[in-house]
Amino acid sequence: MTLSDLRTAHPEHWMKATAIRALALDAVANANSGHSGMPIGMADVATVLFEQHLKFDASAPDWPDRDRFILSAGHGSMLLYALLHLTGYEDMTLEQIKNFRQLGAITAGHPEFGHAKGIETTTGPLGQGISNAVGFAMAEEALRARWGSKVVDHHTYCIAGDGCLMEGVSQEAIGLAGRHELSKLIVLWDDNGITIDGKVSLSDRTDQKARFAASGWDVFDCDGHDPVSINTALTAAKKSARPAMIACKTHIALGHAAQDTSKGHGALTDADQNATAKEGWGWTAAPFEIPSELKAAWAAIGARGGAARADWEARFAKLSGGKRAEFNRGLSRDLPKKVSAAIKKLKKEIAEEQPKVATRKASEMALSVINPLMGETIGGSADLTGSNNTKTGDLGVFAPETRDGRYVYYGIREHGMAAAMNGMSLHGGLRPYGGTFLCFTDYARGAMRLSALMKQPVVYVMTHDSIGLGEDGPTHQPVEHLAMLRATPNTLVFRPADAVETAEAWEVALEQKEMPSVLALSRQGLPTVRTDHKNKNLTAQGGYVLADAEGKRQALLLATGSEVSIAMAARDLLQAEGIGTRVVSMPCWEIFEEQPEAYRRKVLPAGPVRVAVEAGIRFGWDRWLYGERGKREKGEFVGMHDFGASAPAGDLYSHFEITPEAVVAKVKGMIS
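Since the structure is predicted, the reported quantities are computational estimates derived from the model, not experimental observations. (Residues numbered from 1 in each chain as written. Predicted model: local features only at pLDDT ≥ 70, side-chain atom pairs only at ≥ 80, totals over all residues. Heavy atoms only, no water.)

**Q** Quick question: what am I supposed to make of the overall build of the protein chain here?
**A** Regarding its fold elements, the protein chain presents 27 helices and 18 strands. By the compact-globule yardstick of 26 Å for 672 residues, the protein chain fits well, its C-alpha radius of gyration being 28 Å. On the principal axes, the C-alpha backbone points of the protein chain span a range of 95 × 55 × 45 Å. Relative to its full complement of 672 residues, the protein chain shows a buried share of 61%. When the accessible surface of the protein chain is split by element, carbon and sulfur atoms take 51% of a total near 24,400 Å². Across the protein chain, the centroid of the 73 positively charged side chains sits 6 Å from that of the 80 negatively charged ones. (Helix = DSSP H or I, 4+ residues; strand = E, 2+ residues; numbered from the N terminus. Rg over C-alpha atoms; globule rule 2.2 N^0.38 Å. Buried < 20%, exposed > 50% of the residue type's maximum accessible area, 1.4 Å probe, protein only. Areas by Shrake-Rupley, 256 points an atom, 1.4 Å probe, with all protein chains shown as cover. Lys, Arg positive; Asp, Glu negative; His and termini not counted. Charge placed at Lys NZ, Arg CZ, Asp CG, Glu CD.)

**Q** When you look at helix H13 (residues 306-317) in this model, what are you seeing that I'm missing?
**A** Since the α-helix turns once every 3.6 residues, residues separated by three or four places project in the same direction. Taking 1.5 Å per residue, 12 residues should reach 16 Å; H13 reaches 16 Å between its end C-alpha atoms and fits that length. For H13, the set of buried residues is Gly306, Arg309, Trp312 and Phe316. Within H13, the buried residues cover an arc of 120° as seen down the axis, which keeps them to one side. Against helix H12 (292-303) and helix H14 (321-332) lie the buried residues of H13. (Expected span 1.5 Å × (residues − 1). Arc of directions from axis to C-beta. Contact = heavy atoms within 4.5 Å.)

**Q** I tried to follow unusual backbone geometry on my own but got confused; where do I start?
**A** Outside of glycine, negative phi angles account for most residues, and trans bonds account for most peptide bonds. Positive phi is not limited to glycine here, since Gln354 has a value of about 50°. Among the secondary structure elements, Gln354 is positioned in the loop between helix H15 (337-353) and helix H16 (359-370). A positive phi angle, close to 60°, is found at Lys455, a residue other than glycine. The topology assignment puts Lys455 in the loop between helix H19 (441-453) and strand S11 (459-463).

**Q** Would you mind showing me how to read the packing of aromatic side chains here?
**A** Under the definition given, this model contains 17 aromatic pairs. The interplanar angle of 10° and the centroid separation of 5.0 Å between the aromatic rings of Trp312 and Phe316 together place this pair among those described as stacked. Residue Trp312 and its partner Phe316 are both found in helix H13; the two are separated by four residues, about one turn of the helix. The pair formed by Trp312 and Phe316 is uniform in burial state, with each residue classed as buried. Taking the centre distance of 6.2 Å and the plane angle of 70° together, the rings of Phe592 and Tyr599 count as edge-to-face. Both residues of the pair, Phe592 and Tyr599, belong to the buried class. In this structure an aromatic cluster arises from ring pairing among Trp589, Phe592, Tyr599, Trp621 and Trp624. Arg21 extends its terminal NZ or CZ atom over the ring of Trp14, reaching a point 4.5 Å from the ring centre. Across the ring face of Trp589, the terminal group of Arg486 is positioned such that the distance to the ring centre comes to 3.8 Å. (Phe/Tyr/Trp six-rings, centres within 6.5 Å; stacked < 30°, edge-to-face > 60°. Lys NZ or Arg CZ within 6 Å of the ring centre and 35° of its normal.)

**Q** Where do I start with the sheet that holds strand S1 (residues 68-71) in this structure?
**A** Pairing between the strands of a sheet is mediated by backbone hydrogen bonds and can be parallel or antiparallel. Within the open sheet, the five strands sit side by side as S1-S2-S3-S7-S6. Their pairing is parallel. Where the open sheet ends on each side, the last strands, each with one partner, are S1 and strand S6 (218-223). When strand polarity is set aside, the average angle formed by the axes of neighbouring strands in this sheet is 20°. One ladder, built from six bridges, connects S6 with strand S7 (residues 244-249); its direction is parallel. Bridging from a neighbouring strand, Asp223 pairs with Lys249 of S7. Contacting S1, strand S2 (156-160) and strand S3 (185-191), helix H6 (residues 128-147) runs over the sheet at an angle of about 170° to S2. (Pairing = 2+ DSSP bridges. Axes fitted to C-alpha atoms, helices over the stretch in contact; angles between N-to-C directions.)

**Q** When you look at the sheet that holds strand S16 (residues 580-585) in this model, what are you seeing that I'm missing?
**A** Taking strand neighbours across the sheet as the criterion, the five strands line up as S14-S16-S15-S17-S18 in an open arrangement whose pairing is mixed. The sheet terminates laterally at strand S14 (544-547) and strand S18 (635-639), the two strands that pair on one side only. With strand direction ignored, the average angle separating the axes of adjacent strands in the sheet is 30°. Here helix H22 (residues 563-576) sits on the sheet in contact with S14, strand S15 (553-559), S16 and strand S17 (609-614), set at roughly 170° to S16.

**Q** Quick question: what am I supposed to make of the side chain of Thr539 here?
**A** Inspection of the secondary structure assignment puts Thr539 in the loop between strand S13 (517-520) and S14. In contact with Thr539, not counting residues within four places along its chain, are Phe494, Glu501, Glu504, Ala505, Pro587 and Ile591.

**Q** What exactly am I supposed to notice about the side chain of Ser425 here?
**A** The residue Ser425 is located in helix H18 (residues 414-427) in this model. Residue Ser425 is classed as buried on the basis of its relative accessible area of 2%. In this structure Ser425 touches Arg333, Leu430, Pro432, Gln456, Pro457 and Val458, once residues within four positions along its chain are discounted.

**Q** Explain the pattern of salt bridges to me, please; I cannot follow it from the model alone.
**A** Side chains that differ in charge, positive against negative, can pair when their charged atoms come close. As enumerated under the stated definition, the model contains 41 salt bridges in all. Here Arg601 ties to Glu597 by a salt bridge, and the two come within 2.2 Å at their closest N and O atoms. With Arg601 and Glu597 both in helix H24 (residues 597-603) and four residues apart, the pair spans about one turn of that helix. Given the relative accessible area of 41%, Arg601 is considered partly exposed. The residue Arg600 makes a salt bridge to Glu628 at a minimum N-O spacing of 2.9 Å. Residue Arg600 is located in helix H24, and its partner Glu628 is located in the loop between helix H25 (622-625) and S18; the two are separated by 28 residues in the primary sequence. A cluster of three or more residues bridged by salt bridges with shared partners is formed by Glu593, Glu597, Arg600, Arg601, Arg623, Glu628 and Arg629. (Salt bridge = Lys/Arg side-chain N within 4 Å of Asp/Glu carboxyl O.)

**Q** Would you explain helix H27 (residues 660-671) in this entry?
**A** The end-to-end C-alpha distance of H27, which contains 12 residues, comes to 17 Å, matching closely the 16 Å that a straight helix rising 1.5 Å per residue would cover. Those residues of H27 that sit buried are Pro660, Ala662, Val663, Val664, Val667 and Met670. Lining the buried residues of H27 we find S15, H22, S17 and S18.

**Q** Honestly, the nonpolar core in this entry has me stumped. Any pointers?
**A** In summary, soluble globular proteins display a tendency toward joint burial of nonpolar side chains. Among the nonpolar cores identified, the biggest contains 68 residues, and Phe50, Phe69, Met78, Leu79, Leu234 and Ile246 are the most heavily contacted of them. It is helix H2 (residues 11-31) that contributes the most residues to this core, 11 residues altogether. In this structure, Leu79 is in contact with Ile20, Met38, Pro39, Met42, Ala43, Ala46, Leu71 and Ile159, ignoring residues within four places of it in sequence. Formed by 62 residues, the second largest nonpolar core is a distinct cluster that contains Ala60, Val134, Ala139 and Leu143. (Core = buried A, V, L, I, M, F, W, Y, C linked by side-chain atoms within 4.5 Å.)

**Q** Can you walk me through the environment of Leu526 in this structure?
**A** Topologically, Leu526 is positioned in the loop between S13 and S14. What makes Leu526 buried here is its relative accessible area of 5%. Distance in space between the C-alpha atoms of Leu526 and Ala509 is 21 Å, their sequence separation being 17 residues.

**Q** Would you mind showing me how to read the environment of Thr261 here?
**A** Its place among the elements puts Thr261 in the loop between S7 and helix H11 (271-281). Exposure remark for Thr261: the relative accessible area of 31% places this residue in the partly exposed category. Discounting chain neighbours no more than four positions away, the residues touching Thr261 are Ile194 and Ile252.

**Q** Where do I start with the state of the cysteines in this structure?
**A** Such a bond, covalent and formed between the sulfur atoms of two cysteines, is termed a disulfide. All told, the structure shown has zero disulfides when counted by the stated rule. With no disulfide partner, Cys164 has as its closest neighbouring cysteine sulfur the one in Cys158, 6.8 Å distant. (Disulfide = S-S within 2.5 Å.)

The following block contains the structure:
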């Protein structure tokens, strides 16, 4: 169809969609930065979706049973911002649209969760949005099984582009969704055949429809500029018993001189070309101006879900007070009061029994008391359940036949797992945690960074945290990963020394409402070093004095995880020689940094020599060796300086000289 045909075939729809096109064109041109073509090309699809299918109420953007809309192709952010403004989201004002991509505006270059209501997730890194969408849909299924369809019953819609589908994480997510038959998930593929470099055919020849079908999806087609075709496809997709993909054939930058070109992907700023495009669209309003009749039509779309929301509120009100409180507690991420008492009880038992267990096993021990008290936890592992110790006996398995199960077998999909957990957390009502080996945070890194950026309290259970994993060798032995994770803003990295610290770390992690946590856990058994029970959560201080010096304090040994017991053994040797030695356990640097300066001074006083002990690289440790009243000539490090090797763990610790004797030698070398 020609542009003229599109304008005349469905004139009312055309003008509503063109309001999106005009706002996108104006905002990008005004900013002299952005991506105009995708919002212009997908305006028809978005208009049909919002007008005829999406269950939402712009006046109540946090309504728990709303449909979720995710713009995975986040570079086309003006599509989302225009929709939010036109439908009446209070914070998405015209002034914000005019300030697109400017400092302090909520209209960031790519949609950022938390900046504005209606932005369900942060997108821009391609592939993340569609992978989050899978997590959203899994959360909907799990919560519907728990609360019933009268309380939870909604769809997740996602617009994805060619770039999203080329990113490897998308296949992890697509495969996961197909396996779990997520029938409430609908992906709208913007099939415009263009990327930044040119035609998609330059770099890819994948039959995307066959790919989705092979992964267990139902696949539909539509003309992405024909509202009847779009509506027909969406109606059919909603009836599907499996996740659905709709291939929407579109023209990027429709009606613009840059239509169907790579230039159309970017910022369309030529004033004459933009004026010509608007003329072709039949748009005569001034820049950023929406004619009153269109404004009213879009406002009606934004209010369309009001009745459905009122019906839901009436149904929700019929639940018992206890059920309503529990539902809302899950959304607010408040811990049940019984969790703290259960952790204290477990800590007391550990201190009395003093088991020698790997901290991955200690994590399972903690989860065994946590999961029965928190119906919102949903665990999983990337095909390492027996190694990560992430499944407790009470969880059951999440599957199409058992939606009330709370354990997900993610398969070998670390990145997809992390992205799906972000989606679950963003959806609300669930507290996801998932496991793999610490070394494989490399695979999950993109989504883990977004957990931090979006302030989502996902818990990453990362086991086999050092050369202590032994014979699997340097491919699996993390040495730089703790430094990488600690360098990530808004992330708590815990490396507990024993079962007590592990239980405490879990408590602190679950107390977080706006920060992800990484639990770096050992493969090898570790002795209990916290043998005196204390109700107080010492890990919640980040670092603390585990054992103080006897006599004059001459040395401070700082350690984490499996090396705390090495530091304790070194202390015994040093004390035997009359060298007063304090051991400081530092399970979480980020928390210790936030402690009052007076407390940090008490733990790390000036004067004694300092040795840090950790089976990872030195990077980051100088903060504690030379800063915080330390001195360069009085600080040493015992740890890794290169990759590991394949051998039994004990042999590796000896080979790389991470031993009590090596620590003693460092101390004596500085005080002699």
